[in-house]
Amino acid sequence: MLRELKKLDFNGCALKFDGLARLGQVLQLMVGLEDLDLSDIGLEKNGCEYVARAFSNLTMLKKLNMRRNALGPMETITLSKALRNLSALEELNLGENAIGSAGAVAMARALEKLTTLSTLNLRDNALEEAGSVILSDSLLSLTGLKSLNLSQNSLGAGGAVPLARALSCMTDLQTLDLGNNTFCSEGADLISSSLVVLTQLEMLWLNQNSFGCQGAIRVAQSLGGLNRLQTLDLGGNLIGSAGLKQLSAILMGHTMLEALHLEGEPSAIDWSDLGFHVPTEVTLIPSPRGSILI
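Each value, and the rule that gives it
Residues numbered from 1 in each chain as written. Predicted model: local features only at pLDDT ≥ 70, side-chain atom pairs only at ≥ 80, totals over all residues. Heavy atoms only, no water. Buried < 20%, exposed > 50% of the residue type's maximum accessible area, 1.4 Å probe, protein only. Helix = DSSP H or I, 4+ residues; strand = E, 2+ residues; numbered from the N terminus. Arc of directions from axis to C-beta. Contact = heavy atoms within 4.5 Å. Pairing = 2+ DSSP bridges. Axes fitted to C-alpha atoms, helices over the stretch in contact; angles between N-to-C directions. Salt bridge = Lys/Arg side-chain N within 4 Å of Asp/Glu carboxyl O. pLDDT = per-residue confidence, 0-100.

## Brief notes about helix α3 (residues 73–83)
Among all positions of α3, only Glu 75, Thr 76, Leu 79, Ser 80, Ala 82 and Leu 83 are buried. Along α3, the residues classed as buried sweep out an arc of 160° about the axis, all on the same side. Residues of α3 that are exposed and point more than 90 degrees away from the buried face comprise Met 74 and Lys 81. Each element contacted by the buried residues of α3 is listed here: α2 (44–54), β3 (63–65), β4 (91–93) and α4 (100–111).

## Notes on the sheet that holds β4
Spatially, β1-β2-β3-β4-β5-β6-β7-β8-β9-β10 is the arrangement adopted by the ten strands of the open sheet, whose pairing is parallel. Edge positions in the open sheet fall to β1 (7–9) and β10 (259–261), since each of these has one partner strand only. Across this sheet, the average inter-strand angle for adjacent strands is 5°, counted without regard to direction.

## Section: the pattern of salt bridges
A full pass over the atoms with the stated rule returns six salt bridges. Note that Arg 67 is salt-bridged to Glu 96, the shortest N-O span being 3.4 Å. Highlighted residues: Arg 67 in the loop between β3 and α3 and Glu 96 in the loop between β4 and α4, separated in sequence by 29 residues. Between Glu 96 and Arg 123 there is a salt bridge, with its nearest N and O atoms 3.4 Å apart. On the criterion of sequence distance, the pair formed by Glu 96 in the loop between β4 and α4 and Arg 123 in the loop between β5 (119–121) and α5 (128–139) is long-range, its members being 27 residues apart. Relative accessible area serves as the criterion here: at 23%, Glu 96 is assigned to the partly exposed category.

## Digging into the confidence of the model for the protein
If pLDDT is low for a region, its predicted coordinates should not be looked at in detail. Per-chain confidence: the protein averages 88 in pLDDT, with 88% of residues scoring 70 or above. Every residue in residues 281–294 is under pLDDT 50, and counting partners more than four places away or in other chains gives 39 contacts.

## Concerning the environment of Met 203
Position of Met 203 among the secondary structure elements: in strand β8 (residues 203–205). Met 203 gets classed as partly exposed once you look at its relative accessible area, which sits at 31%. Measuring from C-alpha to C-alpha, the distance between Met 203 and Thr 175 comes to 4.8 Å, with 28 residues separating the pair along the chain. Excluding residues that lie within four positions of it along the chain, Met 203 makes contacts with Gln 174, Thr 175, Leu 176, Leu 229 and Thr 231.

## Focus on the side chain of Ser 192
The residue Ser 192 is located in helix α7 (residues 184–195) in this model. When sequence neighbours within four positions are dropped, the list of residues in contact with Ser 192 reads Arg 218, Val 219 and Ser 222.

## Notes on unusual backbone geometry
Despite not being glycine, Asp 40 shows a phi value in the positive range, around 55°. Mapped onto the secondary structure, Asp 40 falls in the loop between β2 (35–37) and α2. With a relative accessible area of 32%, Asp 40 lands in the partly exposed category. With a phi close to 55°, Asp 124 is a non-glycine residue in the positive phi region. Counting through the fold element by element, Asp 124 comes out in the loop between β5 and α5. Under the relative-accessibility criterion, Asp 124 is labelled partly exposed at 30%.

## Remarks on helix α8 (residues 212–221)
An α-helix turns once per 3.6 residues; consequently, residues spaced three or four apart project the same way. Inspection of α8 places Gly 212, Gly 215, Ala 216, Ile 217, Val 219 and Ala 220 among the buried residues, and these make up the whole buried set. Buried residues in α8 make contact with α7 and α9 (240–251).

Right under this line is the structure:
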């Protein structure tokens, strides 16, 4: 029975020491498992070791979710060695852990082996600039990646340099989330140069990056050839009311947009005068500076 099981979901189950040990033993028997959710179960060090041992038998696994497990650099080293055995893995979610730049080396080695990945989530892992430098080369091996989430990692302008180089080779990307990384204006130039070739993009988040008005405009200008874009978030980039009108004029040709988020006062622009395609989903959220995110 266990050998035939295809999906196992332990999401949110707070397993204690004995439970984690037993889980590791059971997983070793589930050789046909394809979808495994171990998010938010309190793995940490000991639990990670138990689970990692089982991965050598899970050669059919396609989806793995280990989000929010307080996995630090040492746990990442243990996990990464085991991940290399998952040759069929297509989706990997390690978001909201604590990999850090110290664990990025081990993670990079694992990613180089996971060439079948189509979805990768490393959101909120304190990677910072050093982590971006380390991981970006390994991202080059993920040629079939369609979804990438590196948001909330404080990559900074320095981290945008290697990341932009990697993104320019990931031409199959459909979903990209780089929000909350404080790229600033310098990073905006680098990121925008790589966006030009990502013509398959349908969803793009670049919010909370301190691009400034001119940086956000340069990013918007790079999106001209992205005719499939449906969701765009440039909110929280200190655009201001004056920049809103310029951005709106640049983006008016994106008739596929369904959700658009821009910072500024709505009264600063008359959408009808521009002939702008108004997205079907519009949210109004007060920004910290009293402006509006559209």
